[in-house]
Amino acid sequence: MIEAQVTIATTFAAASIADGTHAGIDVYRVLTGSDPADADIGDDDAFDRHVLASVLAAAVMDGGSIAERVGLPERELDALLAQCFPSVPGRAFAWTGGGDASVDDETAMVRDLLLARRSTDGEVGRWLAAMVARRAMEPNHLWEDLGLRERPELSRLLTRHFAPLATRNTRNMRWKRFFYRMLCEDDGFVMCTTPVCTQCNDFDLCFGEESGESRMAERRREVLRGGGDQADVGDRPA
């Protein structure tokens, strides 16, 4: 075991990065060896590493406990780093054997929805179920709060690891809305009072545009222009 213990929260979440980037991009670089914009996601393993690094980077940008922000106990986060980023010199935490952090009911429901519809074996899919569920509690579009570069990366993630669920989103509903629709249907409830989506006054909330600049790209641009605290991430509409 490597003796040096690397605490991501304190090593990479500093408010000032000398080369003009910010904490999220710096974490992504340490984990993958490249900038997010240059990520090679041609094969599935490379794509999974990109997604996991992006979620960790987004969590650092938010501040606070990284383990809580990504929805994993510290021991699980250590295991993720050891398996998926073995070249990183150390671990996220010196695990002390404490009890797992509690997960609120809403996060647990989304996590269990994803776990019940996994299409890949192994730990990565299980970790991603917890991470996607936790990040779904954040206020922005889900692909943004996962730190991804665009919505199609989220669709690829869900189609790869949770295909039985993803293939049911035939009308390209926003993923957060779709998760809750599936939860309601599983419990035998009808989510909407309008029988046809196109006749609903809230249509844009469920099917509206989700394009735009990624959070990391936006923050890097702001930092390079000299605007604002690098560790601060402004609120954006969901």
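Here, every reference points to the structure presented above.
Residues numbered from 1 in each chain as written. Predicted model: local features only at pLDDT ≥ 70, side-chain atom pairs only at ≥ 80, totals over all residues. Heavy atoms only, no water.

Colleague: I would appreciate a short explanation of the packing of helix 5 (residues 74-84) against helix 7 (residues 123-135) in the present structure.
Modeller: Angle between the axes and distance between the axes: these two values describe a pair of packed helices. The interhelical angle for the contact between helix 5 and helix 7, taken along N-to-C directions, is 135°, at an axis separation of 11 Å. For the element pair helix 5 / helix 7, the angle class is oblique. For helix 5 against helix 7, the interelement crossing comes out left-handed. Only E123, V124, R126, W127 and M131 of helix 7 make contact with helix 5, whose side of the interface consists of E76, A79, L80, Q83 and C84. Its residues assigned to classes, the contact of helix 5 with helix 7 comprises 6 nonpolar, 1 polar and 3 charged. (Axes fitted to C-alpha atoms, helices over the stretch in contact; angles between N-to-C directions. Helix = DSSP H or I, 4+ residues; strand = E, 2+ residues; numbered from the N terminus. Parallel < 35°, antiparallel > 145°, perpendicular 65-115°, else oblique. Left-handed = near helix turned anticlockwise from the far one by under 90°. Contact = heavy atoms within 4.5 Å. Nonpolar A, V, L, I, M, F, W, Y, C, P; charged D, E, K, R; others polar.)

Colleague: What should I look at first to understand the nonpolar core in this one?
Modeller: Note that soluble globular proteins tend to have their nonpolar side chains buried in a common cluster. One finds L56, F85, L114, M131, L154 and F179 to be the most contacted residues of the largest nonpolar core, which totals 53 residues. Take this core: its biggest share by element is 9 residues, from helix 3 (residues 44-62). Setting aside residues no more than four positions away along its own chain, L114 makes contact with A129, V132, A133, L158, F162, L165 and F179. (Core = buried A, V, L, I, M, F, W, Y, C linked by side-chain atoms within 4.5 Å. Buried < 20%, exposed > 50% of the residue type's maximum accessible area, 1.4 Å probe, protein only.)

Colleague: Looking at this structure, I do not really get the pattern of salt bridges. What am I missing?
Modeller: Two side chains that carry opposite charge are able to pair once their charged atoms sit near each other. Counted under the stated rule, the structure contains 14 salt bridges. We note a salt bridge from R126 to E123, for which the minimum N-O separation is 2.2 Å. With R126 and E123 both in helix 7 and 3 residues apart, the pair spans about one turn of that helix. Residue classification places R126 among the partly exposed positions, given a relative accessible area of 31%. Looking at E123, the relative accessible area reads 33%, which means it is partly exposed. (Salt bridge = Lys/Arg side-chain N within 4 Å of Asp/Glu carboxyl O.)

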